[in-house]
Amino acid sequence: MQTNLMKKLSPSGDITMYIAQREYVDHYKSVDPIDGVVIVPTSKAHGHRLFVEIQLHFRYGAEAEEFSNIPFKKMVVVASQELFPLGNGPNQIPHVFTNWQTALCKKMANMQGICPFKLEFPQGSPPSLVVAGPAGVSGEPCGLTYQVVSYFCTDPTLPLVKKNTVGFNVRVTQETLPVPLLEQLSLAPSTRPATLVSRQFLLSPGKMQIEMCLDRAVVYYGEKLPMHVQITNNSSRTIRKIKCKLYQVSQLSFATGERRAPLYCMETTEGCPIPPGATLQRTYTLMTKLQPHRTNENLVFEASTNRGEVERLSASTIFPYTDPKEGFAILVSYEAKIKVYMGGSQFQSVRSTLGEVSARVPFFLFHQTPRENIELEESASTSNPVAKPHRMVRLTSVDNEAAKEQPLLVDW
């Protein structure tokens, strides 16, 4: 069994940072802590103070030449700890080393300036999300990301010196809550989500009524979502076309207004035209995944930690116990929508319409998290116990030059 460690050096080569992972899970009441080790030679750090902190970066606009003097990025320090000189930090709690930290410290016992650390995310830390921009547009995407950064300086109030700074991009993801707990927290309905929309048109007798219902309120990415629809046409107009869509709805926690990006769309004329006085009952099956021919523009994805990583669509964001920390968060939800297009008897073309009626129902979209697969593997291993393999720590460098180094194996 191995633990993959990641290593990174500062541009000056004076600071070396090790961490074991880049993804941390938000369990809503707490977030997985960041454990790591920073090594700085004592001779290099003489007269300096060594810090490690978690930075939240929020980019809310694209850079352009006409707005070159306007900052579109905000940085907030959500957790900080002073590592050197020891004892300078206020209210420091004795650190309990993890197994790999203990093993690494023993391996490098002959070196000076070894500083293990543990940083806690505050409760309510929003997940790492980015908004996909238009195709062909370069630059940093809008969204929210995290970095764990270590640096040494003489005065922490002064701007950081880049050559004395080293950091990793890390990601915070929300844990998928079970359906009973969602119902207990009043986040998801205990019954099937449904809606009833009735509309009367100006200068037209009668009403148009749409009754819409989903099989369940919680859906996992890639599953089929049946949409049960009953359309009662008591108006004097004829329904010519029906369109069903799944939308991702995103909103900034500190602003009003919502943005809807289509996730899946289907258009049908089955059962049409629906004349006045007729009723149509249908079940439309939609797929809760991206359509290959559709653009990803304005869709919210989980932030990637390294280049080339496959982007994963954001799950529904929920904050059952606290509001988003520091007021920065991208709130993501999903909804199913049906829209019917109508025309008069003199309009035989599908494109010619005299009005439209729509109905929408919200639902939760989650991913089948790896944590559930791990629990299944652990339950299987307990039923069939086997001898535990030898444990070791493998170091993987993320620097181009240091990548030539041989992996360091540490037994523990």
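Each value, and the rule that gives it
Just so you know, the residues in each chain are numbered from 1, in the order the chain's sequence is written. Per-residue local features are limited, in this predicted model, to residues with pLDDT of at least 70; the limit for side-chain atom pairs, both in listing and counting, is 80 or more; totals at the level of whole chains, interfaces and linings are taken over all residues. Water and hydrogen atoms play no part in the side-chain values, which are based on all heavy atoms of the structure. Counting from the N terminus, the helices are the DSSP runs of H or I reaching at least four residues and the strands are the DSSP runs of E reaching at least two. Think of it in three bands: residues with accessible area under 20% of the maximum for their type are buried, residues over 50% are exposed, and the middle band is partly exposed, with areas taken using a 1.4 Å probe on protein chains only. The pairing criterion for strands is at least two bridges between them, as found by DSSP. Axis lines are fitted to C-alpha atoms, over the contacting stretch for helices. Their N-to-C directions set the angle, which ranges from 0 to 180 degrees. Definition used for salt bridges: Asp or Glu carboxyl oxygen within 4 Å of a side-chain nitrogen of Lys or Arg. The predictor rates its confidence in each residue with pLDDT, a number between 0 and 100. Whether two residues are in contact is decided by their heavy atoms, any of which lying within 4.5 Å being enough. Throughout this description, a polar contact denotes any pair of N or O atoms lying within 3.5 Å of each other; where both atoms belong to protein, one of them has to be capable of donating a hydrogen while the other can accept it, and for residues adjacent in sequence the pair is counted only when both atoms sit in side chains. In this text, buried Ala, Val, Leu, Ile, Met, Phe, Trp, Tyr and Cys residues form a nonpolar core when linked through side-chain atoms within 4.5 Å.

**A closer look at the environment of Glu-183**
At step 1: You can see Glu-183 is positioned in helix H2 (residues 179–184).
At step 2: The exposure class assigned to Glu-183 is partly exposed, which follows from its relative accessible area of 33%.
At step 3: Linking Glu-183 and Ala-217, residues 34 residues apart in sequence, is a C-alpha distance of 9.9 Å.

**Remarks on the sheet that holds strand S20 (residues 355–366)**
At step 1: Read across the open sheet, the five strands follow the order S13-S20-S19-S15-S16; overall the sheet is mixed. A strand with exactly one partner marks an edge of an open sheet, and here the two such strands are strand S13 (218–220) and strand S16 (259–268). For this sheet, the mean inter-axis angle between neighbouring strands, taken without regard to orientation, is 35°.

**Regarding the pattern of salt bridges**
At step 1: If you walk through the whole model with that rule in mind, you get 13 salt bridges.
At step 2: The partner of Arg-260 in a salt bridge is Glu-335, with the nearest N and O atoms 2.8 Å apart. Here Arg-260 is found in strand S16, whereas its partner Glu-335 is found in strand S19 (residues 330–343), with 75 residues between them in sequence.
At step 3: Salt-bridge contacts for Glu-335 lead to Arg-360; the nearest nitrogen and oxygen are separated by 3.6 Å. In this pair, Glu-335 sits in strand S19 while Arg-360 sits in strand S20, placing the two residues 25 residues apart along the sequence.
At step 4: Under the relative-accessibility criterion, Glu-335 is labelled buried at 7%.
At step 5: Within the structure, one salt-bridge network assembled from shared partners comprises Glu-258, Arg-260, Glu-335 and Arg-360.

**Some remarks on the confidence of the model for the chain**
At step 1: Averaged over every residue, the pLDDT of the chain is 78; the share at 70 or more is 77%.
At step 2: Across the chain, the secondary-structure element scoring lowest on mean pLDDT is helix H3 (residues 370–383), at 41, and the one scoring highest is strand S14 (residues 224–233), at 93.
At step 3: Below a pLDDT of 50 lies the segment residues 371–397, which in the model reaches 44 contacts outside its immediate sequence neighbourhood of four places, other chains included.

**Examining the side chain of Ser-150**
At step 1: Along the chain, the position of Ser-150 falls in strand S9 (residues 142–153).
At step 2: For Ser-150, the side chain forms a polar contact with the main-chain oxygen of Phe-51, separated by 3.1 Å.
At step 3: Residue contacts for Ser-150: discarding those within four places in its chain leaves Ile-15, Met-17, Val-38, Leu-50, Phe-51, Val-52, Asn-164, Thr-165 and Val-166.

**Quick look at the nonpolar core**
At step 1: Within the largest apolar cluster, 75 residues are counted, with the highest numbers of intra-cluster contacts made by Ile-34, Val-148, Met-227, Ile-239, Ile-242, Ile-338 and Phe-363.
At step 2: Among the elements that make up this core, the one with the highest residue count is S19 (seven residues).
At step 3: When neighbours within four sequence positions are excluded, Val-148 is seen to be in contact with Met-17, Ile-34, Val-52, Glu-53, Phe-117, Leu-119, Val-166, Gly-167, Phe-168 and Val-170.
At step 4: Leu-177, Val-218, Ala-315 and Phe-366 belong to the second largest nonpolar core, which has eleven residues in total.

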